[in-house]
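Per-entry structural report
Residues per chain, in single letters:
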Amino acid sequence: MAFLLVVGGPNEGDFHPLPKETVSVGRDEACTVQIVDEAVSRHHLKIRFDAAAWLASDDDSANGVFINGQKISVEVPLSDGDMIRIGDSELIFSERDFIDSKTALEHYGRQVQHDVRTIIQ
């Protein structure tokens, strides 16, 4: 099952399984995935499953949606391991199967630390 793992920002460590329907991500309590971050819009990001692909789009946010460092302006397909930045928060999209959120956080926590060291070097 696909999920979002928050790896940076106020909600760091949160794990959100994604149902195969449209998911809203934002600061608003009504969002499927609530991110409590002042730089995140009330309705910031939409993620939906279409046939065999997960797609992400900016939901008219004030600060934009960045996937793997690139600002998106149209709906784009997501791939396993994509880094999504909204406001001051970073989320990883994954389609891998993990036993629990702790295992996913440990796996991606090491990956994020490795990626940061690689960029700095």
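Coordinates for the structure precede this section.
Now for a description of the structure that goes with this document. (Residues numbered from 1 in each chain as written. Predicted model: local features only at pLDDT ≥ 70, side-chain atom pairs only at ≥ 80, totals over all residues. Heavy atoms only, no water.)

A look at the nonpolar core
- In terms of nonpolar packing, the biggest core is built from 21 residues, with Leu-4, Ile-47, Ile-84 and Ile-86 touching the most fellow members.
- Other than its neighbours up to four places away in sequence, Leu-4 contacts Asp-14, Phe-15, His-16, Leu-18, Val-25, Val-33, Ile-47, Ile-84, Leu-91, Ile-92 and Phe-93. (Core = buried A, V, L, I, M, F, W, Y, C linked by side-chain atoms within 4.5 Å. Buried < 20%, exposed > 50% of the residue type's maximum accessible area, 1.4 Å probe, protein only. Contact = heavy atoms within 4.5 Å.)

Considering the pairing of strand S10 (residues 83–86)
- Strand direction decides the pairing type here: strand S7 (residues 65–67) and S10, joined by 3 bridges, are antiparallel. Bridging from a neighbouring strand, Ile-67 pairs with Ile-84 of S10.
- One ladder, built from 4 bridges, connects S10 with strand S11 (residues 89–94); its direction is antiparallel. The residue of S11 that forms the bridge with Ile-86 is Ser-89.
- From the end of S10 to the start of S11, which pair antiparallel, there are 2 residues, and Gly-87 there has a positive phi angle of about 60°. (Pairing = 2+ DSSP bridges. Helix = DSSP H or I, 4+ residues; strand = E, 2+ residues; numbered from the N terminus.)

What about the sheet that holds strand S8 (residues 70–71)?
- Strands sit in the order S2-S1-S11-S10-S7-S8 across an open sheet of 6 strands; the sheet is antiparallel. The open sheet has two free edges, formed respectively by strand S2 (15–17) and S8, since each of these has just one partner strand.
- Here S7 runs beside S8; their pairing, made up of 2 bridges, is antiparallel. Opposite Phe-66, over in S8, you have Lys-71 as the bridge partner.

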